[in-house]
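In case you want the letters, here they are:
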Amino acid sequence: MSETTGAAGVHPVDERLPTPKLITLGFQHVLVMYAGAIAVPLIVGRALQLSPSEVAFLISADLFVCGIATLIQSLGATQYFGIRLPVMMGVTFAAVGPMVAIASGNPGSDGARALFGAIIAAGLIAILLAPLISRMLRFFPPVVTGTVILAIGISLMPIGINWIFGLQVGPTAPKLVDPAQAAWLEQAIAAGDVPEGVRLAPTVANPLYAASGNIAIAALVLGTILLVSRFASGFIANIAVLIGIAVGGITAAMLGMMHFDRVADAQWFALITPFHFGLPTFDLVMVLTMVLVMIVVMIESTGMFLALSEMCARPVTQKQLAAGLRADGLGTMLGGIFNTFPYTSFSQNVGLVGVTGVRSRFVCVAGGVIMIVLGLIPKMGALVESLPTTVLGGAGLVMFGMVAATGVRILSRVDFTGNRHNLFVVAISIGMAMIPVVAPDFKQWMPHAIHPLIHSGILLAAISAVLLNWFYNGAPAADEDELRAAGKLADH
């Protein structure tokens, strides 16, 4: 029996394993991606200032569409959709920065409808662009993709840090207005001695910000992740982040920091309804923003597919590659329809294929079915939503930091010694990524219509890296070996 054939001459990718083994291995894939899958709806839902029940709904919707997109990609849907390799689909972190920018500027249901409209349009455009993406690969060599992924990690880090210590505004802001001074001002305004527009600056330290208990919980989560990743091996090491979140959640519950009222009230079963927040709206700048994100996602997916095809000893044709990229677009389009986000292949699951040596795509099909079932159980979403943000903060440092570290790993393959121009590409692009982080009000005198576009350091870095690389290095033909190597290094 050859390396590329299994029982009865069937290729290992197409091998149908016994049902108990399929379910076990599929559940393993679900556990490996679960922490990453639930993080994005938590981040974006809270940026939209949605109620806890609506955030829980976003989590359920995300799990549901994760499963559907996985079935389309791994099982295939007609000859036009699906790479038909062992792929688990999940929400891409590349879209988090732009989505948070859109959500922060347009909170509530109206912002949700605009965001989902942009996602639907971007998914449709991605389907149409899929056959052309291979012609654009030359504009996205490792120096560009590595820089963009590094910028994603840098842009996401403040979210994890604020989860630990507290948001800069609202009940957990570092400073509060002195209550005595606030009472005096109200009396003065009522008496007509002070104009109504006068406001007091916060001057009193807020005990809820950077509370020692919160820091201790985050440190416990981080410490657990470090210990598991250091001393465990195989599957247990792969779910270190999930174990850390579980330990932090249990500890928080024991300390009375986690409440389960909404979990008890949530149903055991509920369908995921499309357009939960109303019919989508379409804003040109938001659509353009998400289309740029999808182009980056599809370039990254191309490297992932090439790396996976090598692992599975099944070369992919240009037609199959286009089908895989169309599935990214279709999954994203379905995501917008079902109130969730852009989808791509999760690289940690690609790594799991290499670790386990199990190449059957039907394992991921089983994982997709499990995700659909989890999405139909609202109690699961409510349980995740009830986690204190400090628990997620400890894990966020690892998850978002790993995104940045992945960018560094991809850049490690770039020739900086023989081509010093690559240093300029990375240096300037990372500087561009830092602008919204360091000076969030830099855009105050610019047209409001372009704020969602330039608010994202990720997109600023992407545009800068592409243009600078073209300026310095031109656009030589795409090197498939480089793309495949970058795909192996990538990790969400």
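An account of the accompanying structure is given in this report. (Residues numbered from 1 in each chain as written. Predicted model: local features only at pLDDT ≥ 70, side-chain atom pairs only at ≥ 80, totals over all residues. Heavy atoms only, no water.)

What follows concerns the overall build of the chain. Helix and strand content of the chain: 20 helices and 4 strands. Here the chain holds 492 residues, and 53% of them are scored as buried. Entry remark: accessible area of the chain is about 20800 Å², with carbon and sulfur atoms responsible for 67%. (Helix = DSSP H or I, 4+ residues; strand = E, 2+ residues; numbered from the N terminus. Buried < 20%, exposed > 50% of the residue type's maximum accessible area, 1.4 Å probe, protein only. Areas by Shrake-Rupley, 256 points an atom, 1.4 Å probe, with all protein chains shown as cover.)

What follows deals with the pattern of salt bridges. What the rule picks out here adds up to 1 salt bridge. Asp110 is paired through a salt bridge with Arg113; the nearest N and O atoms lie 3.0 Å apart. With Asp110 and Arg113 both in helix 4 (residues 108-136) and 3 residues apart, this pair spans about one turn of that helix. (Salt bridge = Lys/Arg side-chain N within 4 Å of Asp/Glu carboxyl O.)

This part covers unusual backbone geometry. The phi angle at Thr78 is positive, at roughly 65°, despite the residue not being glycine. By the element assignment, Thr78 lies in the loop between helix 2 (52-75) and strand 1 (89-91). Not every positive phi belongs to a glycine, and Phe275 is a case in point at roughly 50°. Structurally, Phe275 can be placed in the loop between helix 10 (261-265) and helix 11 (284-311). On the basis of relative accessible area, Phe275 is assigned to the partly exposed category, the value being 34%.

Core analysis: the biggest nonpolar cluster contains 132 residues, and Met99 and Phe341 have the highest contact counts within it. Beyond its immediate stretch of four places on either side in the chain, Phe341 contacts Val40, Pro41, Val44, Leu58, Val91, Met99, Leu115, Phe116, Ile119, Thr332 and Gly335. Membership of the second largest hydrophobic core comes to 7 residues, among which are Leu17, Leu25, Val363 and Val365. (Core = buried A, V, L, I, M, F, W, Y, C linked by side-chain atoms within 4.5 Å. Contact = heavy atoms within 4.5 Å.)

We now examine the side chain of Lys443. By the secondary structure assignment, Lys443 is in the loop between helix 17 (421-438) and helix 18 (451-454). Reaching out from Lys443, the side chain makes a polar contact with the backbone oxygen of Pro440 at a distance of 2.8 Å. Excluding anything up to four places from it in sequence, Lys443 contacts His451, Ile454 and His455. (Polar contact = N/O pair within 3.5 Å; in protein donor to acceptor, adjacent residues only side chain to side chain.)

As a further point, take the environment of Leu383. Mapped onto the secondary structure, Leu383 falls in helix 15 (residues 378-385). Residues Leu383 and Met258, 125 residues apart in the sequence, show an inter-C-alpha distance of 9.7 Å. Excluding residues that lie within four positions of it along the chain, Leu383 makes contacts with Met258, Phe260 and Val263.

Turning our attention to a nonpolar patch on the surface. Together, Trp268, Phe269 and Leu271 make up a nonpolar patch on the protein surface, roughly 430 Å² of accessible area in all. Considering the arrangement of structural elements, one finds Leu271 in the loop between helix 10 and helix 11. By relative accessible area, which is 61% here, Leu271 ends up exposed. (Patch = residues over 30% accessible without salt bridge, like charges linked within 9 Å, V, L, I, M, F, W, Y side chains within 5 Å.)

Its place among the elements puts Thr340 in the loop between helix 12 (318-337) and strand 4 (343-345). By relative accessible area, Thr340 is classed as buried at 0%. A distance of 3.0 Å separates the side chain of Thr340 from the side chain of Tyr343, its partner in a polar contact. Sequence-distant contacts of Thr340, that is, excluding residues within four places in its chain, are made with Ala61, Asp62, Val65, Val91, Phe116, Ile119 and Gly335.

Bringing helix 9 (residues 240-254) into the picture now. The first and last C-alpha atoms of helix 9 sit 21 Å apart over 15 residues, in line with the 21 Å expected at 1.5 Å per residue. When helix 9 is considered as a whole, its buried residues turn out to be Ala240, Val241, Leu242, Gly244, Ile245, Gly248, Gly249 and Ala252. Just downstream of helix 9, Gly256 is the residue with a positive phi angle, here 75°. (Expected span 1.5 Å × (residues − 1).)

The end-to-end C-alpha distance of helix 14 (residues 361-375) is 21 Å, a good match for the 21 Å that 15 residues give at a rise of 1.5 Å each. One side-chain oxygen at the N-terminal end of helix 14 lies 3.2 Å from the backbone nitrogen of Phe362; it belongs to Ser360.

Any pair of aromatic rings gets described here by the distance separating the centres and the angle formed by the planes. The tally for this structure, following the rule as stated, stands at 5 aromatic pairs. Measuring from centroid to centroid gives 6.0 Å for Phe116 and Phe341, while their planes differ by 40°, and the two rings are tilted. With Phe116 in helix 4 and Phe341 in the loop between helix 12 and strand 4, this residue pair connects regions lying 225 residues apart in the sequence. The ring centre of Trp268 lies 5.2 Å from the NZ or CZ of Lys379, which sits over that ring. (Phe/Tyr/Trp six-rings, centres within 6.5 Å; stacked < 30°, edge-to-face > 60°. Lys NZ or Arg CZ within 6 Å of the ring centre and 35° of its normal.)

A few words now on the packing of helix 9 against helix 16 (residues 389-411). Contact pair helix 9 / helix 16: the axes reach a minimum separation of 8 Å and the direction vectors enclose 165°. One element, helix 9, and the other, helix 16, form an angle in the roughly antiparallel class. In this structure, helix 9 crosses over helix 16, and the sense of that crossing is right-handed. For the pair helix 9 and helix 16, contact is made by Val241, Ile245, Gly248, Gly249 and Ala252 and by Val391, Ala395, Val398 and Met399, respectively. When its residues are assigned to classes, the contact of helix 9 with helix 16 shows 7 nonpolar, 2 polar and no charged. (Axes fitted to C-alpha atoms, helices over the stretch in contact; angles between N-to-C directions. Parallel < 35°, antiparallel > 145°, perpendicular 65-115°, else oblique. Left-handed = near helix turned anticlockwise from the far one by under 90°. Nonpolar A, V, L, I, M, F, W, Y, C, P; charged D, E, K, R; others polar.)

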